[in-house]
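Residues per chain, in single letters:
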Amino acid sequence: MSFPLNRPARLAVFASGRGSNLDAILNAYPATHHLARVALVISNNARSGALSKAQARRVPSWHHPFPPLSKDPDDSRRKAFESRAKLQLDTHKIDLICLAGFMRIFSPDFTRNWPGRILNIHPSLLPDFKGLHPQRQALEAGVTTSGCTVHFVEAGVDTGQTILQRKVPILTDDTEASLAARILQEEHVAYPDAIAMLLSGQVKYSA
Ligand code: GRF
């Protein structure tokens, strides 16, 4: 499958936490939008704000535990999550997966089945500051600019072709929290914009 489609794309948003990026995507793509609609929300965390936001907007949602890899060396519970998630994605006829604060890593088998069809947002200007606590990493490195990146997901962590970046200044009195809040405002613009760029054919995945 490649974009553009000749109908609204059906999005699945995966989120583990509060779900503010999910909110931004839902606001940008209401059910009547010509480019996309959120058809499913998936979480590994039964108590995530993202699930309550989906339920409040009557968007189908599903959750299942997905333990961090280090706690599950034989990988069996990740496989269980992925095979059940695949059933959900098939049932809801999902075209595009958007990871929005989803704090788990898919197996290479999973990502291989969705080439150019999984996006992620990361609160740094990749390739700088991959992984956990990117805002803290930026402050510790003493850089004066940071921001966010929306990118295609591949087997590595926070790798894959960049679609869009938005920058913010780092101020001398910034804390990790103040910088994270400034970047988050840009994330809420960047994610819907990146989705539009992909779905309208302005950006192509070139693996
Ligand atoms: C965002 O900063 C996102 O970039 C990162 O996790 C955070 C999720 O925030 N991957 P929210 O749950 O969308 O509010």
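What counts as what
Residues numbered from 1 in each chain as written. Predicted model: local features only at pLDDT ≥ 70, side-chain atom pairs only at ≥ 80, totals over all residues. Heavy atoms only, no water. Patch = residues over 30% accessible without salt bridge, like charges linked within 9 Å, V, L, I, M, F, W, Y side chains within 5 Å. Areas by Shrake-Rupley, 256 points an atom, 1.4 Å probe, with all protein chains shown as cover. Salt bridge = Lys/Arg side-chain N within 4 Å of Asp/Glu carboxyl O. Helix = DSSP H or I, 4+ residues; strand = E, 2+ residues; numbered from the N terminus. Near = heavy atom within 4 Å. Polar contact = N/O pair within 3.5 Å; in protein donor to acceptor, adjacent residues only side chain to side chain. Axes fitted to C-alpha atoms, helices over the stretch in contact; angles between N-to-C directions. Parallel < 35°, antiparallel > 145°, perpendicular 65-115°, else oblique. Left-handed = near helix turned anticlockwise from the far one by under 90°. Contact = heavy atoms within 4.5 Å. Nonpolar A, V, L, I, M, F, W, Y, C, P; charged D, E, K, R; others polar.

J.: Which parts of the structure should I look at to understand a nonpolar patch on the surface?
T.: A cluster of nonpolar side chains, contributed by L69, I105 and V157, occupies part of the molecular surface with about 220 Å² of accessible area. One can find L69 in the loop between β3 (61–63) and α3 (76–91).

J.: Even after reading the chapter, I still don't get the site of the ligand, so can you show me in this structure?
T.: Contacts to the ligand come from R18, G19, S20, N21, G101, I121, P123, L184 and E187. Within the contact set of the ligand, an oxygen atom lies 2.9 Å away from a backbone nitrogen or oxygen of N21. Within the side chain of E187, one N or O atom sits 2.7 Å away from an oxygen atom of the ligand. The fraction of the free accessible surface of the ligand (370 Å²) that becomes covered by protein chains is 87%. At the level of elements, α1 (20–28) and α6 (176–199) are the ones that each hand at least two residues to the shell around the ligand.

J.: Explanation requested: the pattern of salt bridges in the structure shown.
T.: Note on pairing: side chains with opposite charge can pair once their charged atoms come close. In this structure the tally under the stated criterion is eight salt bridges. Ionic pairing is found between R182 and D174, a salt bridge with its closest N-O pair at 2.7 Å.

J.: What is the right way to read the packing of α1 against α6 from this model?
T.: The geometry of a pair of packed helices is captured by two quantities: the angle between their axes and the separation between those axes. For the pair α1 and α6, the least separation of the axes is 9 Å and the interaxial angle reads 45°. With respect to α6, the axis of α1 lies oblique. Our pair here, α1 against α6, has a crossing hand that is right-handed. For the pair α1 and α6, contact is made by S20, N21, A24, I25 and A28 and by L184, E187, H188, Y191, P192 and I195, respectively. The residue inventory of the contact of α1 with α6, partitioned by class, reads seven nonpolar, three polar and one charged.

The quantities given are spatial measurements derived from coordinates; they are silent on function.
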